[in-house]
Amino acid sequence: AQKITQTQPGMFVQEKEAVTLDCTYDTSDPSYGLFWYKQPSSGEMIFLIYQGSYDQQNATEGRYSLNFQKARKSANLVISASQLGDSAMYFCAMREGHFTGYSTLTFGKGTMLLVSP
Amino acid sequence: NAGVTQTPKFRILKIGQSMTLQCTQDMNHNYMYWYRQDPGMGLKLIYYSVGAGITDKGEVPNGYNVSRSTTEDFPLRLELAAPSQTSVYFCASSYSRLAGTYEQYFGPGTRLTVT
């Protein structure tokens, strides 16, 4: 079974609108962390936001927020007020063993977001 | 800080050739990783290291070797290159504290084509 599932191969949004990118995960580890990375066309991987499994509140970083629904095992990325520069591939990733310091990541296949003027 | 640097940026190899992808980080991170990204796919872990002298296999280690003689450097060796190794290779590093975000910092990638 896939550990990280991103069901949306591509998403379109108009500038200034909000968009939600879906991510579901599968783990039996009670302590884990969830990450979102952005990969623009230039190819680099840019860290956006993190949510720990024991965090009580949803993570936010500027225009990015993570809608964490633990019971549903979902960790959707919400981008508010989309900008043209948000056009990129977005990857959800999970690290199991939150408190061990052991930090390999399992990535989803990604969602391509296109922002139109 | 330069962060994580990788060389070369691009390389074309013939089948059966070998090469080493270089990776260096200047953030004094204990953990280092090698991933490959095939077209339209997410990243898959090849090898990782938790410190100098310690390496371990990831999800897709076959056809690759690594070494970690210093904290800063984590080269990836391809022996007998095959077309299936055509991919973009990313090196990454991270902190090793016990709790917290400790996100991975990625290099710019090496685009490798084997023909």
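Residues numbered from 1 in each chain as written. Chains lettered and ligands numbered in written order. Predicted model: local features only at pLDDT ≥ 70, side-chain atom pairs only at ≥ 80, totals over all residues. Heavy atoms only, no water.

Trainee: Give me the sheet that holds strand β7 (residues 64–66) of chain B: which residues, what numbers.
Mentor: Residues and elements named next belong to chain B. Read from one edge to the other, the open sheet built from four strands follows the order β1-β3-β8-β7, with strand pairing classed as antiparallel. Because the sheet does not close on itself, it has two edges, and the strands there are β1 (4–7) and β7. Taking each pair of neighbouring strands and ignoring which way they run, the sheet shows an average axis angle of 20 degrees. As paired elements, strand β3 (residues 19–25) and strand β8 (residues 76–78) share three bridges and run antiparallel to each other. Across the sheet, residue Leu21 finds its bridge partner in β8, namely Leu76. (Pairing = 2+ DSSP bridges. Helix = DSSP H or I, 4+ residues; strand = E, 2+ residues; numbered from the N terminus. Axes fitted to C-alpha atoms, helices over the stretch in contact; angles between N-to-C directions.)

Trainee: Go over unusual backbone geometry with me, naming the residues and quoting the values.
Mentor: Residue and element names in this part refer to chain B. Each neighbour pair has its own omega, and for Thr7 with Pro8 the value is -5 degrees, a cis peptide bond. You can see Pro8 is positioned in the loop between β1 and β2 (10–13). Phi is positive for Asn28, close to 60 degrees, though the residue is something other than glycine. Its relative accessible area of 57% is what places Asn28 among the exposed residues. One non-glycine residue, Leu80, lies in positive phi territory at about 55 degrees. As for its position among the elements, Leu80 is in the loop between β8 and β9 (87–94). (Buried < 20%, exposed > 50% of the residue type's maximum accessible area, 1.4 Å probe, protein only.)

Trainee: I'd love a proper account of the pattern of salt bridges, names of residues and values included.
Mentor: Opposite charge on two side chains makes pairing possible when the charged atoms of those side chains draw close. Under the defined criterion, the tally for this structure stands at five salt bridges over all chains. We note a salt bridge from Asp26 of chain A to Lys73 of chain A, for which the minimum N-O separation is 3.9 Å. Here Asp26 of chain A, found in the loop between β4 (24–25) and β5 (32–39), pairs with Lys73 of chain A, found in the loop between β8 (64–69) and β9 (74–79); they are 47 residues apart in sequence, far enough to count as distant. Asp38 of chain B is paired through a salt bridge with Arg36 of chain B; the nearest N and O atoms lie 2.8 Å apart. Residue class for Arg36 of chain B comes out buried when judged on its relative accessible area of 10%. (Salt bridge = Lys/Arg side-chain N within 4 Å of Asp/Glu carboxyl O.)

Trainee: Tell me about the nonpolar core, and please be specific about residues and values.
Mentor: When a protein is soluble and globular, its nonpolar side chains tend to lie buried together. Counting 24 residues, the largest nonpolar core has Tyr25, Leu34, Trp36, Ile49, Leu77 and Tyr90 of chain A as its most contacted members. Looking at this core, the elements that each hand over two or more residues are β3 (19–21), β5, β6 (46–52), β8, β9, β10 (88–96) and β12 (111–116) of chain A. The leading source of residues in this core is β10 of chain A, at four residues. Excluding anything up to four places from it in sequence, Leu34 of chain A contacts Ile4, Tyr25, Ile49, Tyr50, Gln51, Leu66, Phe68, Ala75, Ala93 and Met94 of chain A. In this structure, Trp34, Tyr89, Leu112 and Val114 of chain B belong to the second largest nonpolar core, which totals 20 residues. (Core = buried A, V, L, I, M, F, W, Y, C linked by side-chain atoms within 4.5 Å. Contact = heavy atoms within 4.5 Å.)

Trainee: How would you sum up the state of the cysteines? Please name residues and give values.
Mentor: Residues and elements named next belong to chain B. Summed over the entire model, instances satisfying the criterion amount to two disulfides over all chains. In this model, Cys23 is linked to Cys91 through a disulfide, with the two sulfur atoms separated by 1.8 Å. Its torsion about the S-S bond being -70 degrees, the disulfide of Cys23 and Cys91 is classed as left-handed. Remark: Cys91 occurs in strand β9 and Cys23 occurs in strand β3; sequence separation between them is 68 residues. The exposure class assigned to Cys23 is buried, which follows from its relative accessible area of 1%. Taking the relative accessible area as the measure of exposure, Cys91 reaches 0% and is therefore buried. (Disulfide = S-S within 2.5 Å.)

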